[in-house]
Amino acid sequence: DREWLLRTFLLCNDARWGKHGIIGDPTEAAFLLYADKNARNGEKQSEQIRDAWKRIAERPFDSERKCMTTVHQNGMRTVSFTKGAPDIILENCTSYRDEMGVHPMGVSKRTWYMRRAEKMSASGGRVLGAAVKEGKDLSEKGMTFLGMAVLEDPVRPEVSGTVEEFRHAGVTTVMITGDHKDTALATARTLKVADSPSQCMAGCERDCLGDGGLGDTISEIRVFARFSPVHKVRIVRALKKNGGIVAMTGDGVNDAPALKKADIGVAMGVSGTEVSRDAASMILADDNFATIIAAVENGRNVYRNIQNAIDFLLSGNMAGISCVLYTSLL
């Protein structure tokens, strides 16, 4: 049901229109743009729906649950709207809704939805599922599945070239993301970070391995998908244990422990939180990943200059020391 699907993505959404555009998460902002791109007489569809459905309760997004729920009231009717990872939402749905009405969710139908989600994720899209439930219920159980939306999350043009420069400089790039494994692998292939599923690890696989098993296999992994922020510290610790010098990038509050644990924590100066900036060793004033290349180049030049200075001082002074020592012996 397209009407209920769009309604869910607009109501279970914290982005809003400001004086100079949309304020909020880019993913949520995309739904506002989609709904309002054909606005008539200057009236935004998103604002009309939100005015009709007043939010009375919410359960914010959580990296463990991988979904978000808000409760809204329209007259005497109260409905809970949920959006998040399709696989998580499908597990908690007992029915689905289409143009013909509401039907029980059987195994075959759930499998069909899962295959559709995997196919869209494999193409590099970010897939979100939506579900509803009558009443004020934040349990996220026994819901009615509405459908899925796929968003294109293009890679910044400068990132691909930066990864290539890193490779030539002997720096290994590793991705850590909360996206689906297929989505993460498709993006990694575009960036040439990884080229096979064997180089991608999901969060559930890490839980089965434990910290010891992670340390044994981490040198071959280039993509960590469906990983929560708490896992980032363990990844950094395992990479350092394997003898690597680790630089970690991040911008959120949950990234602060990993930024602190890494040899070099790199925070975003524009979009980054104050906590992440305080925990980092380096702050990117322009939030541009390519800026790290300039920092590495400058750092290596300084190190090379120090080495040259030491070589010069040793070679010059050793001659003087030898003469003084020789005359002293005579």
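Residues numbered from 1 in each chain as written. Predicted model: local features only at pLDDT ≥ 70, side-chain atom pairs only at ≥ 80, totals over all residues. Heavy atoms only, no water.

Caption draft 1: Spotlight on a nonpolar patch on the surface. A cluster of nonpolar residues, Val302, Ile306, Ile310, Leu314, Met318 and Ile321, forms a patch on the protein surface that exposes about 560 Å² of accessible area. By relative accessible area, Val302 is classed as partly exposed at 49%. (Patch = residues over 30% accessible without salt bridge, like charges linked within 9 Å, V, L, I, M, F, W, Y side chains within 5 Å. Areas by Shrake-Rupley, 256 points an atom, 1.4 Å probe, with all protein chains shown as cover. Salt bridge = Lys/Arg side-chain N within 4 Å of Asp/Glu carboxyl O. Buried < 20%, exposed > 50% of the residue type's maximum accessible area, 1.4 Å probe, protein only.)

Caption draft 2: Region of the structure containing the environment of Phe81. If you trace the backbone, Phe81 turns up in strand β5 (residues 77-84). Along the backbone, Phe81 and Leu11 are 70 residues apart, and their C-alpha atoms lie at a distance of 7.4 Å. Sequence-distant contacts of Phe81, defined by excluding residues within four places in its chain, comprise Trp4, Arg7, Thr8, Leu11, Cys12, Trp53, Met68, Thr69, Thr70, His72, Ala131 and Val132. (Helix = DSSP H or I, 4+ residues; strand = E, 2+ residues; numbered from the N terminus. Contact = heavy atoms within 4.5 Å.)

Caption draft 3: Just the packing of aromatic side chains, in detail. A complete count under the given rule lists eight aromatic pairs for this structure. Between Tyr96 and Tyr113 the ring centres are 6.2 Å apart and the planes differ by 70°, which places this aromatic pair in the edge-to-face class. Of this pair, Tyr96 sits in strand β6 (residues 93-98) while Tyr113 sits in helix α5 (residues 107-122), and the two are 17 residues apart along the sequence. Both residues of the pair, Tyr96 and Tyr113, belong to the buried class. Considering the side-chain rings of Trp112 and Tyr113, the 5.3 Å spacing of their centres and the 70° angle between planes classify their relative orientation as edge-to-face. (Phe/Tyr/Trp six-rings, centres within 6.5 Å; stacked < 30°, edge-to-face > 60°.)

Caption draft 4: Representation of the sheet that holds strand β10 (residues 175-176). Taken in spatial order, the three strands line up as β10-β12-β11 in an open sheet, and their pairing is parallel. Looking at strand neighbours, the two that pair on one side only are β10 and β11 (200-202), the edges of this open sheet. Of the strand pairs in this sheet, β10 and strand β12 (residues 223-225) are connected by two bridges, and their pairing is parallel. Within β12, the residue paired with Met175 across the bridge is Val223. (Pairing = 2+ DSSP bridges.)

Caption draft 5: Up close: the sheet that holds strand β14 (residues 264-268). Spatial strand order, β13-β14-β15: three strands in an open sheet with parallel pairing. Each of the sheet's edge strands pairs with one partner strand only, and the pair in question is β13 (247-250) and β15 (282-284). In this sheet, adjacent strand axes meet at a mean angle of 25° when their direction is disregarded. (Axes fitted to C-alpha atoms, helices over the stretch in contact; angles between N-to-C directions.)

Caption draft 6: Representation of helix α2 (residues 26-36). Within α2, the full set of buried residues consists of Thr27, Glu28, Ala29, Phe31, Leu32, Ala35 and Asp36. The N-cap of α2, judged by a side-chain oxygen 2.9 Å from the amide nitrogen of Thr27 a few residues on, is Asp25. (Polar contact = N/O pair within 3.5 Å; in protein donor to acceptor, adjacent residues only side chain to side chain.)

Caption draft 7: Representation of unusual backbone geometry. Positive phi values are uncommon outside glycine, yet Glu140 reaches one of about 60°. With respect to the helices and strands, the residue Glu140 is situated in the loop between β8 (125-134) and β9 (143-152). You will see that Lys192, though not glycine, has its phi angle at about 65°, which is positive. Assignment of secondary structure puts Lys192 in the loop between α7 (181-191) and β11. On the accessibility criterion, Lys192 (56% relative accessible area) is exposed.

Caption draft 8: Seen up close, the side chain of Ser46. Note on placement: Ser46 falls in helix α3 (residues 45-52). Of the polar contacts made by the side chain of Ser46, one reaches the side chain of Asp36; its length is 2.7 Å. Sequence-distant contacts of Ser46, defined by excluding residues within four places in its chain, comprise Leu10, Trp17, Leu32 and Asp36.

Caption draft 9: How the structure looks around the side chain of Ser95. Along the chain, the position of Ser95 falls in strand β6. A distance of 2.8 Å separates a polar atom in the side chain of Ser95 from a polar atom in the side chain of Thr144. Setting aside anything within four residues of it in sequence, one finds Ser95 in contact with Val102, His103, Pro104, Met105, Met143, Thr144 and Phe145.

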